Amino acid sequence: MPTTRRKAPLGATDVSKWRLDSQDEGRHVWHYAADPSRSSTSSEQTDEEKYWLGLPLNDLTYSSAGSSSADSSRPATPLEAARKGFEFYKKLQSEDGHWAGEYGGPLFLLPGIVFAMYISQTPIPQEWKIEMARYLTNMRRDNGEGDEGWGLHIEGVSTVMGTSLNYVVLRILGVGPDEPMMVKARSTLLFHGGAAAAPSWAKLWLATLNLYSWEGTHPIPPELWLLPTWFPMSPTKWWSYNRMVVLPMTFLSGSRFATPLNPLLRSLREELYADAYDSINWPSQRSNIASVDLYSPHPALLEVVFAVSGAYERVHSTWLRKRALDYVYELIKMEDENTSYQCQAPVNKALNMICRWIREGPSSDAFRLHKAKIRDFMWMSKDGMMTTGTNGSQLWDAGFIAQALYESGLATEDQNKESTTKLLSWIDRCQIRENPRWFGEMSRHASKGAWPFSTREQGYTISDCTSEGLKAVIYLQSLPDMPQLVSRERMCDAVDIILSLQNADGGFAACELVRGSTLLEMLNPAEVFRDIMIEHTYPECTTACLTALSVFSKLHPDYRPEDIERTSARAISFIHSSQRPDGSWYGSWAVCFTYATMFALESLALVGETAATSSRAAKACEFLLSKQIEDGGWGESFQCCETREYVQHEQSQVVNTAYAIIGLLAAKSTDHEAIRRGCRLLMQRQLDNGEWAQEAIEGVFNHTCGISYPNYKFYWSIWALGKAQKELGDEGW
Ligand code: LAN
């Protein structure tokens, strides 16, 4: 991660004045004390707020770095360390029972929000401007020539996409072109070919801002949406995140909307390019993508499709275009209404907001409602203000914390009762009770009974979130004196959803069934990502579904027993078939092999396949053991996700170590000493106050983009430590 705490050109706000509202069903809304309409800002900052802002906690016993801890005695056993870890972590729990968190990492999300506000002339609050500029100042790379801009994500090298978009953001926020960091960023940009060589998503944003000619982009015709749903290329068969982003993109591309020029934009036209703007041969830029950005080059078939769409654009019927744009607009409206204007993720949130503004204007209800939900994506951190990957990771974190507490035994300890009861009640309220209003029209998978990744309001079904939510509820409700909040009927609804999500190969994808052919990946136009055209099946999601079905059927053996048995058997064969020759599994949603291997080993353990009984589990254990390093830990580099090969991180990582321990325990590995060494590393890394410090970025999507899961260091460590002592005994630590 880039060095933080640099001097930012617009300065900094007083961080002690920031407050987080997180009581409204887990919505996260940061606001600044200077706003007189908020009365709560006069209250003292909570530990939750202080922690995420990087300030010392209220009880200084729990403040990290340099504080004199009252309880600086080192825990003697893993369970003591887990208990101490949770004593700290409990302080960060929101009043309503969930844990908030900084869900940042990608560096192409803040630009979308800022551009949407700029284009629609929505004032950006001054404290946001200051803190956004501070964030980008802190996240800028500074590694010499060619790497002094911004990457795709906070740990990635400078790219044309990251640098061009964030440079424009800073100029909009009021940073001048002569600031030293802007001069450096510009030279990085020009070194890689200037904004002319931007990837297609960045080209589209720049064209919308009138900083790129639409002639320089491959047209994405809105008529795509008029294709019949049985047609192999129909967007209804795509991965839903891709589908929902391309939807407003076709609206903008099909209408060639460009914000009117003004002096700032005119100046940017000069700053972003190596050549004079008017001299650029735009059509020849369409497939010009800087090599530093290029992860998925355009397949030959895509170039053919682009040639056809380019030709079509020249001859298209205005009548059909109008019909297509009207239909696309209807779909945009439905996505907005289905998600109460949260949208599926901030990319389509920002694009939809612009489309609504173009059609209905600034004073429309739709635009007003959109504006009100921007705040859900703006997270204030110690480094400044960022845009988050979704409106948070609330349910995902809540589900794992519950299981970590249950499996470590901490859930039954008296001092944690209040915390676990609140957690259960939050997870209960987060379950989605109905399908969204426009669910058929939007080709959505059913969501009644599902749990989402973030909040119930956002409302998209996710297979593994449904499963983790269900397991968490069943575990917590099994504890003495816990209220029985989620009924059998509601658990059955969740099970119906899980069963409906299995694919032909036995595996589970993220949001929906795999609908399209893998050949559609040959049409992936987003050069910076891979495997985004259709859903794919994953060992992580499959394990979550399988284990949830198993935990549920122990509680309610009479509900759909044959279906559950058949589904589970097929899921296991997916886990078998996705194992790699070296014994590992590749992880798509976190870094990387240790993560997926942990999940897969849990699946195998369910059907009795452990190191002693199954060559598959034994091979997986060998793989894990071969990656343990001298200090007892495990550490994977982010490069694993990109190269799909194991690359050692320079340093062991708390989260990888925890995954490996949990995996080895699930497989009943007989190498107890390796597990103990892993635990000792986790204990050494624990600070005197019980917390663990932030290490490398934990998450990933689409193989290239890092995304932060800062809560992982807490609950995976607590889980691994607690489980290790439970299984290996109290002695010998
Ligand atoms: C997520 C975050 C959570 C993640 C898990 C639950 C961890 C995973 O097991 C299933 C897939 C899922 C739900 C997931 C899918 C893609 C998301 C939504 C993200 C990585 C968070 C951000 C990302 C989204 C697509 C970002 C916007 C970028 C685009 C390419 C549209």
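This structure is a prediction, so every number in the text was calculated from the model and none was measured.

What counts and how
- Residues numbered from 1 in each chain as written.
- Predicted model: local features only at pLDDT ≥ 70, side-chain atom pairs only at ≥ 80, totals over all residues.
- Heavy atoms only, no water.
- Near = heavy atom within 4 Å.
- Polar contact = N/O pair within 3.5 Å; in protein donor to acceptor, adjacent residues only side chain to side chain.
- Areas by Shrake-Rupley, 256 points an atom, 1.4 Å probe, with all protein chains shown as cover.
- Helix = DSSP H or I, 4+ residues; strand = E, 2+ residues; numbered from the N terminus.
- Phe/Tyr/Trp six-rings, centres within 6.5 Å; stacked < 30°, edge-to-face > 60°.
- Buried < 20%, exposed > 50% of the residue type's maximum accessible area, 1.4 Å probe, protein only.
- Core = buried A, V, L, I, M, F, W, Y, C linked by side-chain atoms within 4.5 Å.
- Domains from an automatic or database assignment.
- Contact = heavy atoms within 4.5 Å.
- Pairing = 2+ DSSP bridges.
- UniProt positions renumbered as here; feature names shortened; annotations may be inferred.
- Expected span 1.5 Å × (residues − 1).
- Patch = residues over 30% accessible without salt bridge, like charges linked within 9 Å, V, L, I, M, F, W, Y side chains within 5 Å.
- Salt bridge = Lys/Arg side-chain N within 4 Å of Asp/Glu carboxyl O.

### A short note on the site of the ligand
The environment of the ligand is made up of 22 residues, and the closest members are Tyr103, Trp201, Tyr241, Phe453 and Asp464. Asp464 is positioned such that a nitrogen or oxygen atom in its side chain is 2.4 Å from an oxygen atom of the ligand. Summarising the interface, the protein chains cover 99% of the accessible area of the ligand, which totals 630 Å² for the free molecule. Breaking the shell around the ligand down by element, the ones donating at least two residues are helix 8 (240-255) and helix 16 (463-477).

### Comments concerning the packing of aromatic side chains
By the definition in use, this model includes 49 aromatic pairs. Look at Phe88 and Phe714: their rings are 5.9 Å apart centre to centre, the planes differ by 15°, and that puts the pair in the stacked class. Of this pair, Phe88 sits in helix 2 (residues 78-90) while Phe714 sits in helix 25 (residues 712-728), and the two are 626 residues apart along the sequence. With respect to class, Phe88 is no different from Phe714; both count as buried. Counting every residue linked through ring pairs, the aromatic cluster contains Tyr103, Trp396, Phe400, Phe453, Tyr595, Phe599, Tyr659, Tyr709, Tyr712, Tyr715, Trp716 and Trp719.

### Considering the nonpolar core
Membership of the largest hydrophobic core comes to 231 residues, with the highest contact counts inside it found for Phe108, Leu272, Ile427, Leu470, Phe529, Tyr712 and Trp716. Lining this core are residues from two domains, each supplying at least three of them: domain 1 (109-387) and domain 2 (394-728). Apart from residues lying up to four places away in sequence, Tyr712 is in contact with Trp396, Asp397, Ala590, Tyr595, Val655, Tyr659, Glu698 and Ser717.

### What to know about the pairing of strand 2 (residues 29-32)
With burial as the criterion, each face of strand 2 is covered, one bearing Val29 and His31 and the other bearing Trp30 and Tyr32. Bridge count between strand 1 (residues 18-21) and strand 2: four bridges; the pairing is antiparallel. Within strand 2, the residue paired with Asp21 across the bridge is Val29.

### Examining the UniProt feature "domain: Squalene cyclase N-terminal" (unreviewed entry) in the protein chain
Under the present numbering, the feature "domain: Squalene cyclase N-terminal" (unreviewed entry) in UniProt falls on residues 90-337. As annotated, residues 90-337 has a helix share of 49% and a strand share of 0%, and its two end C-alpha atoms lie 35 Å apart.

### As for helix 23 (residues 654-666)
Between its first and last C-alpha atoms helix 23 spans 18 Å; for 13 residues at 1.5 Å apiece the expected length is 18 Å, and the two agree. Counting buried positions along helix 23 yields 13 of 13 residues, so the element is predominantly enclosed. Lys668 lies just past helix 23 and shows a positive phi near 55°.

### A look at a nonpolar patch on the surface
On the surface, a cluster of nonpolar side chains totalling about 470 Å² of accessible area is made up of Leu301, Val304, Val308, Leu519 and Met522. Note that Leu519 resides in the loop between helix 17 (488-500) and helix 18 (539-555).

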